[in-house]
Amino acid sequence: MINRFAVDGIRLESGSNNLIEGNYVGTDVSGLLGRGTGFDGVFIVGGSGGNRIGGLLPGQGNVISGNNDEGIDLRIGSANRIEGNLIGIAVDGTTALGNVSDGVQITGGTGNAVTANRIAANGGLGIDLRDDGVTANDGATTAGQPNLLMDFPIVTSALLAGTSLTVSGYVGSAPGQATFANASVELFLADADPTGFGEGRTLLGTLTADASGNFAGTLTVASLILGDRLTATATDPAGNTSEFGPNATVFAPVGMSGTVFEDFNYGGGGAGRDRASAGGSNRPAARVELYDAAGGLVSFTASNAAGAYAFAGLAPGSYSVRVVNASVTSLRSGYGPGLLPVQTFRTDAASGVALPVTDHVGGVIPSLADAGNGARPVTARPSSIAPSCGR
């Protein structure tokens, strides 16, 4: 128990490879009440490196909470590990007992890993590189800056079905940045930080970014509910940990479906007819593609024997569906290979309501020729010529 010192609770000014384990720093003997130090709970300066604060085995983690400045202030030092601690939380793992400023502040050195901690309820950021608030991602690492100003993860989708949480996203300023290949991405139940970036109250699991800095996977979680928010940190193979990324809301997966069918008697103009009115035939084996709002190909499938297609496990959002003309066959007399259908569209989703579409004969933009599989952008996805089909 280390508390009520006028300055810092623990101060490392020189030497390396120290272990700080199993302490209550800034609390009373119960670990539930604040008895903070005058400044930082743990202060590392003078180039002290290779230290481990906490640990992953039972009894190694510290409670570093209730202090009057940072929980941990790493001013100058490299290759330190901060792991398995409660920072801003009481020993019961629930009660808020925040440090007045940041949970962890790193203003010098590299390779300082902050992993497997529970950080919440602090007056500043959960993790702050450079002591200047949230540092925006720039898609790069910066020599001479604390932890190279490692970019944080962006969670683009968090879908919960029972106890299965499926998460995807990327590290960096955009998807596909190889600078962040093989980064370890820790996912947390987020605390309600007013910045919207963290803090990381409960560790849910870890994923690894691929060679392009993107990550995806499914975690088994307990006590997570729809509407909860996630945050994440990224740590590169050299041990540079980022700040917490922006919080992302947990949604239930959604789906969308439809039917590809042929309207034998479509007369042109007006709204596309539904299958019952058309009296046409369902078209199997048509390639149906799903695109996101930015025009990226999300998935594709083929219509079944009844002409039906479906996409499941989607994050809520706006999508476009495209049927590749060359994949649609016809039962009309005179049909042969090389003849392409003219697509009509039965409905368009607007604010969740399916509305009739009028005069979309030949696609959304009839003047554009139909492209091949996986074409982008969205504007290159209408139709061409010959037997009529519906969607």
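What you see is a predicted model, and the numbers here were worked out from it, not measured in a lab.

(A) Molecular detail of the overall build of the protein. Scanning the protein from terminus to terminus reveals one helix and 31 strands. The buried share among the 391 residues of the protein stands at 49%. Sequence separation of 24 or more characterises 67% of the internal contacts of the protein that already satisfy a separation of 6 or more. Put simply, the protein shows about 16,200 Å² of open surface, and 55% of that area lies on carbon and sulfur atoms.

(B) How the structure looks around the pairing of strand S25 (residues 297–302). Here strand S24 (residues 287–292) runs beside S25; their pairing, made up of five bridges, is antiparallel. Counterpart to Glu289 in the pairing with S25 is Phe300. The hairpin formed by S24 and S25 contains four residues between the paired strands, and Gly295 there has a positive phi angle of roughly 90°.

(C) Molecular detail of the environment of Ser303. Along the chain, the position of Ser303 falls in the loop between S25 and strand S26 (308–314). Sequence-wise, Ser303 and Val323 are 20 residues apart; in three dimensions their C-alpha atoms are separated by 9.7 Å. Not counting residues up to four positions away in its chain, the partners in contact with Ser303 are Val260, Arg283, Pro284, Ala285, Ala286, Ala308 and Tyr309. There is a polar contact of 2.8 Å between the side chain of Ser303 and the backbone oxygen of Arg283.

(D) Inspection of the sheet that holds S24 at higher detail. Strands sit in the order S25-S24-S27 across an open sheet of three strands; the sheet is antiparallel. Looking along the sheet, the strands with just one partner apiece sit at the ends: S25 and strand S27 (319–323). Adjacent strand axes in the sheet meet at a mean angle of 20°, parallel and antiparallel pairs treated alike.

(E) A look at the sheet that holds strand S18 (residues 214–220). Spatially, S14-S15-S18 is the arrangement adopted by the three strands of the open sheet, whose pairing is antiparallel. Looking at the sheet topology across the chains shown, the edges are occupied by strand S14 (153–161) and S18. Averaged over all pairs of adjacent strands, the angle between strand axes in this sheet comes to 15°, irrespective of strand direction. Inspection of the sheet shows S14 paired to strand S15 (residues 164–171) by eight bridges, in the antiparallel sense. Bridging across to S15, Ser157 finds its partner in Ser168.

(F) Quick peek at a nonpolar patch on the surface. A contiguous nonpolar surface patch, about 220 Å² in accessible area, is contributed by Leu32, Leu33 and Val91. By secondary structure assignment, the location of Val91 is in the loop between strand S9 (86–87) and strand S10 (104–106). The partly exposed category is assigned to Val91, whose relative accessible area is 34%.

(G) A look at the pattern of salt bridges. Summed over all chains, the structure comprises nine salt bridges. Notably, a salt bridge pairs Arg201 with Asp191, separated by 3.4 Å at the nearest N-O pair. Taken as a pair, Arg201 in strand S17 (residues 200–208) and Asp191 in the loop between strand S16 (184–190) and S17 lie far apart in primary sequence, ten residues in all. Among the salt bridges present, the one from Arg287 reaches Glu289, with a minimum N-O distance of 2.6 Å.

(H) Main features of the packing of aromatic side chains. Following the criterion strictly, the structure yields three aromatic pairs and no others. Judged by centre distance (5.5 Å) and plane angle (65°), the rings of Phe152 and Phe197 are edge-to-face. Of the two residues, Phe152 sits in the loop between strand S13 (127–129) and S14 while Phe197 sits in the loop between S16 and S17, which places them 45 residues apart along the sequence. Using a relative accessible area of 5% as the deciding quantity, one classes Phe152 as buried. Geometry around Phe300 places Arg287 over its ring, the cationic atom sitting 3.9 Å from the centre.

(I) Region of the structure containing the environment of Gly295. Within the fold, Gly295 resides in the loop between S24 and S25. Look at Gly295 and you get buried, because its relative accessible area is 0%. Here the alpha-carbon distance between Gly295 and Tyr319, two residues 24 residues apart in the chain, equals 8.6 Å.

(J) Inspection of the side chain of Thr233 at higher detail. Relative to the helices and strands, Thr233 resides in strand S19 (residues 229–235). Judged by its relative accessible area of 1%, Thr233 falls in the buried class. Sequence-distant contacts of Thr233, that is, excluding residues within four places in its chain, are made with Ile127, Pro153, Ser184, Val185, Glu186, Phe188, Thr241, Ser242, Glu243 and Phe244.

(K) Representation of the confidence of the model for the protein within the structure. Averaged over the protein, the pLDDT score is 89; the fraction of residues at 70 or greater is 87%. Low pLDDT, under 50, characterises residues 377–391; the stretch is placed with 81 contacts to residues that sit more than four places away or in other chains.

(L) Structural view of unusual backbone geometry. Cis geometry marks the peptide bond from Gly198 to Glu199; its omega dihedral reads 0°. With respect to the element layout, Glu199 can be found in the loop between S16 and S17. A positive phi is found at Ala116, a non-glycine position, where the angle reads about 60°. By the element assignment, Ala116 lies in the loop between strand S11 (113–115) and strand S12 (118–119).

Reading the values: the criteria
Residues numbered from 1 in each chain as written. Predicted model: local features only at pLDDT ≥ 70, side-chain atom pairs only at ≥ 80, totals over all residues. Heavy atoms only, no water. Helix = DSSP H or I, 4+ residues; strand = E, 2+ residues; numbered from the N terminus. Buried < 20%, exposed > 50% of the residue type's maximum accessible area, 1.4 Å probe, protein only. Contact = heavy atoms within 4.5 Å. Areas by Shrake-Rupley, 256 points an atom, 1.4 Å probe, with all protein chains shown as cover. Pairing = 2+ DSSP bridges. Polar contact = N/O pair within 3.5 Å; in protein donor to acceptor, adjacent residues only side chain to side chain. Axes fitted to C-alpha atoms, helices over the stretch in contact; angles between N-to-C directions. Patch = residues over 30% accessible without salt bridge, like charges linked within 9 Å, V, L, I, M, F, W, Y side chains within 5 Å. Salt bridge = Lys/Arg side-chain N within 4 Å of Asp/Glu carboxyl O. Phe/Tyr/Trp six-rings, centres within 6.5 Å; stacked < 30°, edge-to-face > 60°. Lys NZ or Arg CZ within 6 Å of the ring centre and 35° of its normal. pLDDT = per-residue confidence, 0-100.

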